[in-house]
Amino acid sequence: FSVYEAYSARSISTEFSESEYIFRILVLILLVFFIGIPVLVIARETPAAYVFVFAGIIFAVCCSVLLLIFVPKYRALKKAVKKSKERQEHKQNGLTSKMSSASRLSSA
């Protein structure tokens, strides 16, 4: 169901759209389970190995979810802040050049 929802929400503007990242998360979870479950079955005889593999599966799933949700948001925030600073500097430079040309005209 979540794959269908991610596919149907693909045309939403990128600022609010997380469907691409949700799809990637689902694919990563599927890959972790395809690799982790057979290893978990093999390691079930040894308790220490079983716990290690189980913890590794949980760690991989949690990291993939957290990183693929929050890293793009952080990058978008950095990009927006940078763009805002550039606009502010551009306005200040424009204002400074207008003030200097006005002062040159008034002194002439």
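Quick note: structure is the one above.
Residues numbered from 1 in each chain as written. Predicted model: local features only at pLDDT ≥ 70, side-chain atom pairs only at ≥ 80, totals over all residues. Heavy atoms only, no water.

**Student:** So what exactly am I meant to see when it comes to the overall build of the chain here?
**Tutor:** If you tally the helices and strands in the chain, you get 3 helices and 0 strands. Beginning at the N terminus, the succession of helices and strands in the chain can be written as α-α-α. Burial analysis of the chain (108 residues in total) assigns 14% to the buried set. Pairs at least 24 residues apart make up 53% of the contacts formed inside the chain by residues separated by at least 6 positions. In the structure as shown, the chain presents an accessible area of about 9,200 Å², 69% of it carried by carbon and sulfur atoms. (Helix = DSSP H or I, 4+ residues; strand = E, 2+ residues; numbered from the N terminus. Buried < 20%, exposed > 50% of the residue type's maximum accessible area, 1.4 Å probe, protein only. Contact = heavy atoms within 4.5 Å. Areas by Shrake-Rupley, 256 points an atom, 1.4 Å probe, with all protein chains shown as cover.)

**Student:** Got a minute to help me understand a positive patch on the surface in this structure?
**Tutor:** On the surface, Lys79, Lys83, Arg87 and Lys91 cluster together into a patch of positive charge. With respect to the secondary-structure elements, Lys83 resides in helix 3 (residues 47-107). The exposure class of Lys83 is partly exposed, given its relative accessible area of 42%. (Patch = residues over 30% accessible without salt bridge, like charges linked within 9 Å, V, L, I, M, F, W, Y side chains within 5 Å. Salt bridge = Lys/Arg side-chain N within 4 Å of Asp/Glu carboxyl O. Lys, Arg positive; Asp, Glu negative; His and termini not counted. Charge placed at Lys NZ, Arg CZ, Asp CG, Glu CD.)

**Student:** What's the story with the side chain of Ser64 in this structure? I'm lost.
**Tutor:** By the element assignment, Ser64 lies in helix 3. Classification of Ser64 as buried rests on a relative accessible area of 11%. Each residue touching Ser64, except ones within four places of it in the same chain, is listed here: Ile25, Leu28 and Ile29.

**Student:** Would you explain the nonpolar core in this entry?
**Tutor:** The tendency in soluble globular proteins is for nonpolar side chains to be buried as a group. Ile25, Ile29, Val61, Leu68 and Ile69 together form the largest nonpolar core, which totals 5 residues. Looking at this core, the elements with two or more residues in it are helix 2 (19-42) and helix 3. Here this core gets 3 residues from one element, more than from any other, and that element is helix 3. Once residues lying within four places of it in the same chain are set aside, the contact partners of Leu68 are Tyr21, Arg24, Ile25, Leu28 and Cys63. (Core = buried A, V, L, I, M, F, W, Y, C linked by side-chain atoms within 4.5 Å.)

Just geometry here; none of it tells us what the structure is for.
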